[in-house]
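Here is how the chains run, residue by residue.
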Amino acid sequence: MKEVIKSLSEFRNRPIAPKLLSLLWLFAIAWVGFVWNLGNIGLVDETEPLFAEAARQMTVRGDWITPYFNGETRFDKPPLIYWLMAVAYRTLGVNEWAVRLPSALCAIGLTCLGFYTLWKEEGRRKEEEGRRKEEEGKFFPTQNSKLKTRRLPLFFSTPWIGAALIALNPQTIAWGRTGVSDMLLVGCMCSALLAFFLGYTLEEQREQAEFSPVSASLFPNKWYVTFYVLIALAVLAKGPVGIVVPALIIGGFGLYLGNFRQLWREMRPVSGILIILAIALPWYILVILANGQTYIDSFFGYHNFQRFTGVVNKHSAPWYFYFFIVLVGFAPWSIYLPVAIARTRFWQRSYWRRQPRSAQLSLFALFWFGCVFCFFTIAVTKLPSYVLPLIPAAAILVTLLWSDIIAGNEPDHRRIKLDTKPNSLPRGLLVTYIFNVIFLLIIAGATFYCYNWLGDDPAMPNFPQAIQQSGLLIVGGVIWITAAVAIALLLWHRQQRWILVANLIGLVAFIIFGLTPAYKVVDINRQLPLRQLAQVAVQQKLPGEEFIMVGFWKPSLVFYTQEPVTYYRAVTKAMEYIKESKNPTSPSILLLGYPEKFVELGLQPNQYQLLDSRGAYQLARVPRTAFR
């Protein structure tokens, strides 16, 4: 055993070892967070099938300009997500893996770029620490040997922590596994912001190398060009928000530091705008030429301006809504956000203006976090996914906090220092550590008793009993209690460095043994009956027979039947439609609904042929004469 440990230690000291281990770490994070069981459950109504079917209809119609769903135009989102899904269809076939693969790849790409950015930050910190110790060694040569610090394990390094926090949190995992445009926007927009910061520091490096920070080239440096390309893709992913929010973040950051004019010159905005227009504008021109004012009113008017200024689709919420979303969506790391934000001391503007650009990552992450949070808090329409773009910034802030905790140091501009003894407990963080334990116990309690709050969906009336009988709630609750106890013991023994690891292990265990199996239970109770009935409908449907769904809106039926479906929520409107419609090719209709909807339609059991009944639904063939 000693020989094995010695061999691993020698491998660790080789230059290639950290790189290889880092690649394995990124692979493990990507696999657990976004790839494992990605396509093993069906599409989730209501939003996911809308994107999946619109992409499928693009491939069927051969129209790559105007998106369609169920035979009607769909102007909710730009086409990039549909294009990527269509490419995945051609590669993997029309299935759930292909639908979700673009989101998963975007989340993985963002995680990798975040790792690279924090790797650069760690290199800067090590150089700064080396210079500081060298200077201290000159003044205190007798203490020079004491200046050496114990080398930390690789998994305590800044990029390893940052990659884990960016990827492994409820918000990123949920949307990285969902076939909609949200993670595509976040992947493009947040990667663009990381590219901006890398370009921002590259200009400083050029200046230190005695090159002109603003060269005579017509184009900015490579990272700024990358920024513009990614912004263009963000605009193709979700529209104007892809450029408005990054502009607010970078503009506020530059104005705060007083270098906005220099930023403006070195970023070459004219060239950047041309790059963005060259990539994003052609589709907008083509779709407007094809659909005219209808597209302008629907996309720019309803789905952008009106969402910001008014309530759309009843998605309203109080002003404090996103405080709760960030607390839960970034758990368990959100507990450390207030401390991480306070440690930036953003009010010390003179200090930040004196700092080199490479040392301003935490300040930039704070502007990133704050601008996204405030922008969508002001917006009247509110959805949990709207603040997804601030999660990487929150992860960077908490990562830099934990890097200081683990290293046992504080930035130079703070007079109150953390105790640098190896096993000491930072007094200023004691309350946060204790609240970490309490928070995990609250999550455990909520997990134990959440079945009492899960009976509101009529599509799966038996789900509370099913999830309780599965034992998954007990497993999930025990995992969080174990994590809380482990953190309490670490506090007792003054081993605060390992608190991060305890949180991470608890979260990963919950994902593997609690959350992923729970997805399967939800799918069996909510979506599987619809997929089964869709298969029955395809087999039983007569030529020319119309398929009508009454009482609810389930777009997955269109995707799985690959046939048009007529939806009516109101029973009265459905009856009016059936009575007035004339279809000489088929004297009957296929009707899908809850059993009580058949009663509300005035149908007696002897008036229709029950084809199948699954879950909360039943499928029947009904003669048109039954409605006269």
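Given the structure is predicted, the values throughout are model-derived calculations rather than measurements.

Time to look at the overall build of the protein. Looking only at helices and strands, one finds 25 helices and seven strands in the protein. In the protein, buried positions account for 53% of the 628 residues. Considering only contacts within the protein whose residues lie at least 6 apart along the sequence, 77% involve residues at least 24 apart. Accessible area for the protein stands at about 29600 Å²; split by element, carbon and sulfur atoms hold 64% of it.

On to the side chain of Ser 191. For Ser 191, the position within the fold is in helix 8 (residues 182-208). A polar contact of 2.6 Å, which involves the side chain of Ser 191, links it to the backbone oxygen of Gly 187. When residues no more than four places from it in sequence are discounted, the contact partners of Ser 191 are Leu 110, Leu 113, Val 186 and Leu 230.

Another point: the packing of aromatic side chains. The geometry of an aromatic ring pair is captured by the separation of the ring centres together with the interplanar angle, meaning the angle of the planes. Enumeration over the complete set of coordinates arrives at 46 aromatic pairs. Seen in terms of ring centroids, Tyr 351 and Trp 352 are 5.3 Å apart; in terms of plane orientation they differ by 75 degrees. Their pairing is edge-to-face. No difference in accessibility class separates Tyr 351 from Trp 352, as the two residues are buried. Put simply, the rings of Phe 196, Phe 197, Tyr 200, Tyr 224, Phe 227, Tyr 228, Phe 253, Tyr 256, Phe 364, Phe 367 and Trp 368 touch in pairs and so form one group of aromatic residues. In this structure, Arg 74 packs its charged tip against the face of Phe 51, placed 4.6 Å from the ring centre.

Two elements, strand 6 (residues 609-614) and strand 7 (residues 617-623), share five bridges in a ladder whose sense is antiparallel. In the sheet register, Gln 609 faces strand 7, and the bridge partner there is Arg 621. In sequence, strand 6 turns back onto strand 7 through a hairpin of two residues, with Gly 615 there showing a positive phi of about 60 degrees.

Read across the sheet, five strands follow the order 4-3-5-7-6 without closing on themselves; strand pairing throughout is mixed. With one partner strand each, in any of the chains shown, strand 4 (566-568) and strand 6 form the two edges of the open sheet. Between one strand axis and the next, the sheet turns by 20 degrees as a mean value, whatever way the strands run. Sheet strands touched by helix 22 (residues 499-540): strand 3 (546-550), strand 5 (588-593), strand 6 and strand 7. Its angle to strand 7, the strand with the most contacts, is close to 25 degrees. Each of strand 3, strand 4 and strand 5 touches helix 24 (residues 571-580); the most contacted strand, strand 3, lies at about 160 degrees to it.

The end-to-end C-alpha separation of helix 17 (residues 361-378) is 26 Å, in line with the 26 Å expected for 18 residues at 1.5 Å each. Within helix 17, 15 of the 18 residues are buried, leaving the element largely enclosed by the surrounding structure.

Let us look at unusual backbone geometry. With an omega of 20 degrees, the peptide bond between Asp 45 and Glu 46 qualifies as cis. Note on placement: Glu 46 falls in the loop between helix 2 (16-35) and helix 3 (47-61). In this chain, Ala 331 is followed by Pro 332 through a cis amide linkage whose omega measures 0 degrees. Within the fold, Pro 332 resides in the loop between helix 14 (321-329) and helix 15 (337-343). The phi torsion at Arg 268 lies on the positive side, around 50 degrees, for a residue other than glycine. Note on placement: Arg 268 falls in the loop between helix 11 (260-267) and helix 12 (269-291).

On to the environment of Leu 473. With respect to the secondary-structure elements, Leu 473 resides in helix 21 (residues 472-492). Between the C-alpha atoms of Leu 473 and Gly 445, which are 28 residues apart in sequence, the distance is 9.7 Å.

Here the focus is helix 9 (residues 222-238). Under the 1.5 Å per step criterion, the end-to-end length of helix 9 is 25 Å for 17 residues, consistent within 8% with the ideal 24 Å. Inspection of helix 9 places Trp 223, Tyr 224, Phe 227, Tyr 228, Leu 230, Ile 231, Ala 232, Ala 234, Val 235, Leu 236, Ala 237 and Lys 238 among the buried residues, and these make up the whole buried set. Trailing helix 9 by a residue or two, Gly 239 shows a phi angle of about 100 degrees, which is positive.

Put simply, helix 19 (residues 430-449) and helix 22 touch, their axes get as near as 12 Å, and they point 10 degrees apart. On the basis of their axis angle, the class for helix 19 and helix 22 is roughly parallel. When the axes of helix 19 and helix 22 are compared, the crossing they make is left-handed. On helix 22, the residues that touch Tyr 433, Asn 436, Leu 440 and Thr 447 of helix 19 are Ile 499, Asn 503 and Phe 510. Here the contact of helix 19 with helix 22 is composed, by residue class, of four nonpolar, three polar and no charged.

Under the definition given, this model contains 13 salt bridges. The salt bridge involving Arg 624 is made with Glu 546; its shortest N-O contact spans 3.5 Å. With Arg 624 in the segment after strand 7 and Glu 546 in strand 3, this residue pair connects regions lying 78 residues apart in the sequence. Per residue, the accessibility class of Arg 624 equals that of Glu 546, and both read buried.

The contact between helix 2 and helix 6 (residues 158-167) brings their axes to 10 Å, and the two run at 10 degrees. On the basis of the axis angle, helix 2 is roughly parallel to helix 6. Residues Leu 21, Ser 22, Trp 25, Leu 26, Ile 29 and Phe 34 of helix 2 form the contact with helix 6, whose own contacting residues are Trp 160, Ala 163, Ala 164 and Ala 167. Considering only residue class, the contact of helix 2 with helix 6 consists of nine nonpolar, one polar and no charged.

On to the nonpolar core, then. Residues Phe 196, Phe 227, Phe 364, Trp 368, Phe 376, Val 398 and Trp 402 are the most contacted members of the largest nonpolar core, which totals 150 residues. Here this core gets 16 residues from one element, more than from any other, and that element is helix 8. Apart from residues no more than four positions distant in its own chain, Val 398 is found in contact with Leu 165, Phe 330, Trp 333, Tyr 336, Leu 337 and Ala 340. Counting residues in each nonpolar core, the second largest holds 22 residues, with Leu 50, Leu 590, Leu 592 and Tyr 617 among its members.

Right, let's talk about the environment of Ser 581 for a bit. Along the chain, the position of Ser 581 falls in the loop between helix 24 and strand 5. Ser 581 sits 43 residues away from Arg 624 along the chain, and the two C-alpha atoms are 9.5 Å apart.

What follows deals with the state of the cysteines. By the definition in use, this model includes zero disulfides. Unpaired in this structure, Cys 106 has its nearest cysteine sulfur neighbour in Cys 188, at a distance of 5.4 Å. When its relative accessible area of 16% is taken as the criterion, Cys 106 is described as buried. With no disulfide of its own, Cys 190 has Cys 188 as its nearest cysteine by sulfur position, at a separation of 9.7 Å. For Cys 190, a relative accessible area of 0% corresponds to the buried category.

What follows concerns the confidence of the model for the protein. For the protein, per-residue confidence averages 86 on the pLDDT scale, and 87% of positions sit at 70 or higher. Note on residues 411-425: pLDDT under 50 across the span, and 35 contacts to partners over four residues away in sequence or across chains.

Cut-offs applied
Residues numbered from 1 in each chain as written. Predicted model: local features only at pLDDT ≥ 70, side-chain atom pairs only at ≥ 80, totals over all residues. Heavy atoms only, no water. Helix = DSSP H or I, 4+ residues; strand = E, 2+ residues; numbered from the N terminus. Buried < 20%, exposed > 50% of the residue type's maximum accessible area, 1.4 Å probe, protein only. Contact = heavy atoms within 4.5 Å. Areas by Shrake-Rupley, 256 points an atom, 1.4 Å probe, with all protein chains shown as cover. Polar contact = N/O pair within 3.5 Å; in protein donor to acceptor, adjacent residues only side chain to side chain. Phe/Tyr/Trp six-rings, centres within 6.5 Å; stacked < 30°, edge-to-face > 60°. Lys NZ or Arg CZ within 6 Å of the ring centre and 35° of its normal. Pairing = 2+ DSSP bridges. Axes fitted to C-alpha atoms, helices over the stretch in contact; angles between N-to-C directions. Expected span 1.5 Å × (residues − 1). Parallel < 35°, antiparallel > 145°, perpendicular 65-115°, else oblique. Left-handed = near helix turned anticlockwise from the far one by under 90°. Nonpolar A, V, L, I, M, F, W, Y, C, P; charged D, E, K, R; others polar. Salt bridge = Lys/Arg side-chain N within 4 Å of Asp/Glu carboxyl O. Core = buried A, V, L, I, M, F, W, Y, C linked by side-chain atoms within 4.5 Å. Disulfide = S-S within 2.5 Å. pLDDT = per-residue confidence, 0-100.

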